[in-house]
Amino acid sequence: MASFSSEDAFQDSSALSLNDVESLLHLVTWNVGTASPPPDVTSLLQLNSLGPTVDMYVIGLQEVNSRITNFLSDLAFDDPWSIFFMTVLSPLGYIKLSSVRMQGLLLLLFVKHVHLPFIRDIHTHYTRTGLYGYWGNKGGVTVRMSLYGHTVCFMNCHLPAHMENTEQRLDDFEKILEMQFEEENIPSTLDHDVLFCFGDLNFRIADYGIHFVRESINNKRYNLLWEKDQLNMAKKKEAFLQEFIEGPLQFKPTYKFDLYSDVYDTSEKKRKPAWTDRILWRVKNLCQHASKEGKFTEEEQTISVTLNNYISHMSYGISDHKPVTGTFGLELKPLLSHPLVTLNPEGEWSAEHDVLISYSAAPELPSSAWDWIGLFKVAFRHVNDYVTYAWVEDDEISSNKDSKQVYMSAAEIPDMGGEFLLCYYSNNLQSIVGISQPFQIQPNRTLIGKDLTQEENSWMQKPDNLESHDEF
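Note that the structure is a prediction, hence the values are computed from the model and not measured.

(A) Broad picture of the sheet that holds strand β1 (residues 21-31). An order of β3-β4-β2-β1-β13-β12 is seen for the six strands of this open sheet, with the pairing classed as mixed. Edge positions in the sheet fall to β3 (94-102) and β12 (303-312), since each of these pairs with one other strand and no more. Averaged over all neighbouring strand pairs, the angle between strand axes comes to 15 degrees, with direction disregarded. Against the sheet, helix α3 (residues 80-89) touches β1, β2 (56-62), β3 and β4 (105-112), its axis set at about 15 degrees to β4.

(B) Here's a closer look at the pattern of salt bridges. According to the stated counting rule, one finds six salt bridges in the structure shown. Ionic pairing is found between Asp 229 and Arg 278, a salt bridge with its closest N-O pair at 2.9 Å. Placement of the pair is Asp 229 in the loop between α6 (223-226) and α7 (230-237) and Arg 278 in strand β9 (residues 277-283), with a sequence separation of 49 residues. Each of the two residues, Asp 229 as well as Arg 278, counts as buried. Of the charged contacts in the structure, one is a salt bridge between Glu 243 and Arg 282, with a shortest N-O distance of 2.7 Å. Note that Glu 243 is positioned in the loop between α7 and β9 and Arg 282 in strand β9, a separation of 39 residues in sequence. Owing to a relative accessible area of 42%, Glu 243 belongs among the partly exposed residues under this scheme. Through salt bridges with shared partners, one network takes in Asp 229, Glu 246 and Arg 278.

(C) Region of interest: the pairing of β3. Of all nine residues in β3, eight are buried, a share of seventy percent or more. As paired strands, β3 and β4 are joined by eight bridges and run antiparallel to one another. Bridge assignment links Lys 96 to a residue of β4, and that residue is Phe 110. Taking the residues that link successive antiparallel strands as the turn, the β3-β4 hairpin has two residues, and the phi of Gln 103 there is positive, at about 50 degrees.

(D) Examining empty space enclosed by the protein more closely. Taken as a whole, this structure holds one cavity of 30 Å³ or more when the rule is applied. Lining the largest cavity are Ser 23, Leu 24, Leu 25, Asp 55, Met 56, Val 111, His 115, Leu 147, Tyr 148 and Leu 330. Looking at which element gives the most residues to the lining of the largest cavity, the answer is β1, with three residues. The class makeup of the residues in the lining of the largest cavity is seven nonpolar, two polar and one charged.

(E) Region of the structure containing the sheet that holds strand β19 (residues 396-399). In spatial order, the strands read β14-β16-β20-β19; together these four strands make up an open sheet with antiparallel pairing. If you trace the sheet from one side to the other, it starts and ends with β14 (341-346) and β19, each paired once. When strand polarity is set aside, the average angle formed by the axes of neighbouring strands in this sheet is 25 degrees. One ladder, built from five bridges, connects strand β16 (residues 355-361) with strand β20 (residues 404-408); its direction is antiparallel. In the strand pairing of β20, Leu 356 is matched with Tyr 407.

(F) Broad picture of the nonpolar core. Counting residues in each nonpolar core, the largest one holds 59 residues, and the members touching the most others are Met 145, Phe 154, Phe 196 and Phe 328. For Phe 154, the residues in contact, after removing those within four places along its chain, are Leu 25, Leu 27, Met 56, Val 58, Leu 107, Leu 109, Val 141, Thr 142, Val 143, Met 145, Phe 196 and Phe 198. Listed in part, the 27 residues of the second largest apolar core include Val 28, Val 41, Val 54 and Val 64.

(G) Geometry of the confidence of the model for the protein chain. Residues with a pLDDT of 70 or more make up 83% of the protein chain, whose mean pLDDT is 87. pLDDT under 50 marks residues 71-76. Its contacts with residues more than four places away, or in other chains, come to seven contacts. Within the model, the stretch residues 458-472 combines pLDDT values under 50 with zero contacts to residues more than four positions away or in other chains.

(H) Region of interest: the environment of Glu 164. Of note, Glu 164 is situated in the loop between β7 (150-158) and α4 (166-177). Accessibility expressed as a relative area gives 62% for Glu 164, which makes it exposed. Through-space distance from the C-alpha of Glu 164 to that of Ala 206 is 9.2 Å; in sequence the pair is 42 residues apart.

About the cut-offs
Residues numbered from 1 in each chain as written. Predicted model: local features only at pLDDT ≥ 70, side-chain atom pairs only at ≥ 80, totals over all residues. Heavy atoms only, no water. Pairing = 2+ DSSP bridges. Helix = DSSP H or I, 4+ residues; strand = E, 2+ residues; numbered from the N terminus. Axes fitted to C-alpha atoms, helices over the stretch in contact; angles between N-to-C directions. Contact = heavy atoms within 4.5 Å. Salt bridge = Lys/Arg side-chain N within 4 Å of Asp/Glu carboxyl O. Buried < 20%, exposed > 50% of the residue type's maximum accessible area, 1.4 Å probe, protein only. 1 Å grid on protein atoms, 1.4 Å probe; cavity = no way out; pocket = protein on both sides within 12 Å on 5 of 7 lines; lining within 4 Å. Points joined across faces, edges and corners; volume = space filled by probe spheres on them. Nonpolar A, V, L, I, M, F, W, Y, C, P; charged D, E, K, R; others polar. Core = buried A, V, L, I, M, F, W, Y, C linked by side-chain atoms within 4.5 Å. pLDDT = per-residue confidence, 0-100.

Here is the structure:
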């Protein structure tokens with residue numbers, strides 16, 4: 001697994017040029033069938049890729065274990081899948097930006113630190129469609145945000161199963177897409193600049209028998225099956241689907257497999273293989289076209305989405321579905337060029353004395369008495385993973401038109417020191433709006449001296465102990 005270097009992960013985010021921001025997005029959809037996380041996800045997350053570093057991971061899971069005992073504990077604490085992905089990604093310089101769960105549906109977003117000051121207005125939502133809208137075993141979970149001033153929305157769905165339920169799938173999909181965010185001034189799902197819809201959409205291959213389908217797969221003639229894929233068929237008829245784009249299905253259908261194998265269902269039911277696990281996207285009010293290389297782009301220059309690859313991962317066998325990933329290039333003309341807050345530690349930091357933070361805020365920052373500045377380890381997992389914090393108003397010690405100073409008590413500074421950073425959290429925006437460069441906190445020399453003295457005293461007493469032991 002790649003090692004994390006703060007020099008690689010951090011750039012100066014105090015200002016951006018007005019040139020395009022190019023970001024790499026890696027999206028995962030996986031019906032995990034109530035299983036626990038696998039031992040390794042290196043290939044799933046492309047952690048050994050020699051290409052550009054991923055800027056954002058979007059991970060949509062379906063059928064996460066939602067038995068009542070598991071679900072109640074997951075409400076109080078992070079669920080095992082969230083902990084697993086945080087453990088993998090936080091040492092590489094990603095923090096969990098947001099998450100939303102509805103029973104077995106889980107959506108996780110991880111982002112590189114450098115982008116944090118330019119991601120705002122994060123909101124989550126979920127829509128139940130199971131049992132006529134009263135049960136959350138089916139439906140969609142959504143995270144939306146402003147990314148460099150552009151509105152982006154991610155939607156993880158689990159639609160009804162079985163061959164004959166095509167119309168119910170389409171009805172539920174349309175209902176989820178029509179979902180409205182509760183907060184004012186938040187655009188509806190379809191009004192976002194970019195919308196990604198993905199998940200276990202459960203569309204099947206119609207008409208063809210199981211032997212023809214399996215023979216086509218064995219011969220890698222997937223194109224013979226495309227015209228009878230229910231989603232492809234629906235896109236030709238349903239108006240609400242016609243602006244969505246999907247990459248070519250040049251991988252084996254991802255359902256249904258025997259566990260821990262790449263063999264299609266050998267049970268009595270012998271389910272017909274299908275591309276149930278899909279990734280679609282839509283760019284608002286733009287004319288899309290497919291390039292000759294099979295990549296999809298948008299002609300408008302303010303925002304473009306390019307599909308780099310769309311593949312399945314056959315080596316993962318913990319469920320009867322194989323995971324699917326899509327890697328996208330997002331090119332944006334930044335509508336935000338400066339963070340709302342710039343902040344820095346002042347002087348040398350250690351636990352031997354109180355320390356100071358200086359910061360300056362842009363006039364448009366909607367400041368609040370509940371804003372705070374957190375001290376974080378460099379490889380922190382999420383916004384609440386702080387070591388300590390200071391209230392920007394209560395702990396302020398000086399102020400002028402250009403900058404302000406806040407103090408942190410020496411008692412709250414880690415004695416052992418190490419590499420840390422500071423983040424400014426806006427209560428009104430519910431997000432980090434400023435982040436410092438990494439800096440060193442010096443170890444507490446007084447404490448280290450005491451520890452050494454205690455070790456020496458302990459060592460000097462050992463001969464007496466040994467003597468008494470020998471006499472015994």
